[in-house]
Amino acid sequence: MPDLKRKKEKKKATRWNERNFITEVLIPSFFVRKSGVQNRPIFPTLQTGQFGITWIGHASFLIQTPMHNILIDPNWANWLIVIRRLKRAGLAIKDLPNIDLVLITHAHFDHLNRRTLAAIAARQPIVVPSGVGSLVHDLGFEQVHEMNWWDEWHHRDLKITFTPAKHWGARVLHDRHRGYGGYCIEYQGRQIYHCGDSAYFSGFREIGRRLAPEIALLPIGAYEPPSFRDVHMGPEEAVNAFAELQSKTFVPMHFGTYRMSYEPMHEPAQRLMLAGSDAGVLQKIRFLVEGMPQVF
């Protein structure tokens, strides 16, 4: 079995190495007209037991309760070093409500954007994986709280659980000490789970067994990177993860903003609809429009 796995990985690596990410994806993206509309959102007045979710783009979300405004992986960057943003953020930073808490899933540039965080910081707490605090200490947050897998943190009637993932957390090459994962946010008996970045792995079953989060924000893009590393889920694997999480609502993310992989920008959503239909869960998948708050 190990030999078979190595042969498959070698075949995959050879196929991808025959392509050129710079000429096929990177350079053409410089000439693509940026899409999307920046909205002036009207945030809903939430009742007891309701969540508001606003997708900003990529993996960035504003999560609202009647008492809290929480940002997860906020990123308004137009460039990730040499990767250009191809779809506008759904709203401007100036149009955000007062932010009570910021959660960062890992240190990669598309999830931890220091310029965005500096613009948001207003002496509120920020939660990061272990080893990531040094990247945000100087940005203006009141408290930097680091977490390991399965740690729990209580803040103003919120229960935050840091969950495992199959990914990696390095900010730069050979930067091996930084953690990574996802967050489950519980408030008044309801739970929202933000996966962060992850390949499909057995940990989803454990997260489902321990937490069974009602709403799952799951990544569906960047599954054909210019290497053969298994670090992101495709749509079909995300549907399997959704089932193992025992969740009731699937909100897709991590697609359609930056082209970080070979697959076309439109493909993840199309494949997710097909996979959801085949699995009988299409009615549980809820696509959000960037910058338009939805009540759950």
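Just so we're clear, the structure is a prediction, and the values are computed from it rather than from any experiment.

1. Looking at the sheet that holds strand β6 (residues 101-103)
- The mixed open sheet is built from seven strands, whose spatial order is β8-β7-β6-β3-β2-β1-β15. Each end of this open sheet is capped by a strand with a single partner; those strands are β8 (143-147) and β15 (294-295).
- Bridge count for strand β1 (residues 52-57) against strand β2 (residues 60-64) is five bridges, and the pairing is antiparallel. Following the sheet pairing, I53 is matched in β2 by I63.

2. Some thoughts on the sheet that holds strand β9 (residues 152-155)
- Ordered in space as β9-β10-β11-β12-β13-β14, the six strands form an open sheet in which the pairing is mixed. Each of the sheet's edge strands pairs with one partner strand only, and the pair in question is β9 and β14 (249-253). Ignoring which end each strand starts from, the neighbouring axes of this sheet average 20° apart.
- Bridging between β9 and strand β10 (residues 158-163) involves four bridges; their strand directions are antiparallel. Bridged to H155 within β10 is L158.
- This element, helix α5 (residues 235-245), spans β12 (190-194), β13 (215-219) and β14 of the sheet and lies at about 155° to β13.

3. Some points on the packing of aromatic side chains
- Applying the stated criterion to the full structure yields ten aromatic pairs.
- A centroid spacing of 6.4 Å and a plane angle of 25° characterise the contact between W55 and F61, whose relative ring orientation is stacked.
- Overall, W55 belongs to the buried group, its relative accessible area being 3%.
- Ring centres 5.6 Å apart and planes at 85° place the aromatic pair W149 and Y180 in the edge-to-face group. One end of the pair, W149, is in the loop between β8 and β9; the other, Y180, is in the loop between β10 and β11 (182-187), with 31 residues separating them in the sequence.
- Grouped by ring-pair contacts, the aromatic residues W55, F61, F255 and F287 constitute a single cluster.
- Geometry around W150 places R210 over its ring, the cationic atom sitting 3.9 Å from the centre.
- Against the face of F296 rests R286, its NZ or CZ located 4.0 Å from the ring centre.

4. What about the confidence of the model for the protein chain?
- Chain-level pLDDT for the protein chain is 93 on average; 94% of the residues reach the 70-or-more range.
- Taken as a whole, residues 1-14 scores under 50 in pLDDT and shows three contacts with residues more than four places along the chain or in a different chain.

5. Focus: helix α4 (residues 203-210)
- The complete set of buried residues in α4 reads G203, F204, I207 and G208. End-on, the buried residues of α4 take up no more than an arc of 145°, which puts them together on one face. Along α4, exposed side chains directed more than 90 degrees from the buried face belong to R205 and R209.
- Of the surrounding elements, those touching the buried residues of α4 are β10, β12 and α5.
- Just beyond α4, the residue with positive phi is A212, at close to 45°.

Definitions and cut-offs
Residues numbered from 1 in each chain as written. Predicted model: local features only at pLDDT ≥ 70, side-chain atom pairs only at ≥ 80, totals over all residues. Heavy atoms only, no water. Pairing = 2+ DSSP bridges. Helix = DSSP H or I, 4+ residues; strand = E, 2+ residues; numbered from the N terminus. Axes fitted to C-alpha atoms, helices over the stretch in contact; angles between N-to-C directions. Contact = heavy atoms within 4.5 Å. Phe/Tyr/Trp six-rings, centres within 6.5 Å; stacked < 30°, edge-to-face > 60°. Buried < 20%, exposed > 50% of the residue type's maximum accessible area, 1.4 Å probe, protein only. Lys NZ or Arg CZ within 6 Å of the ring centre and 35° of its normal. pLDDT = per-residue confidence, 0-100. Arc of directions from axis to C-beta.

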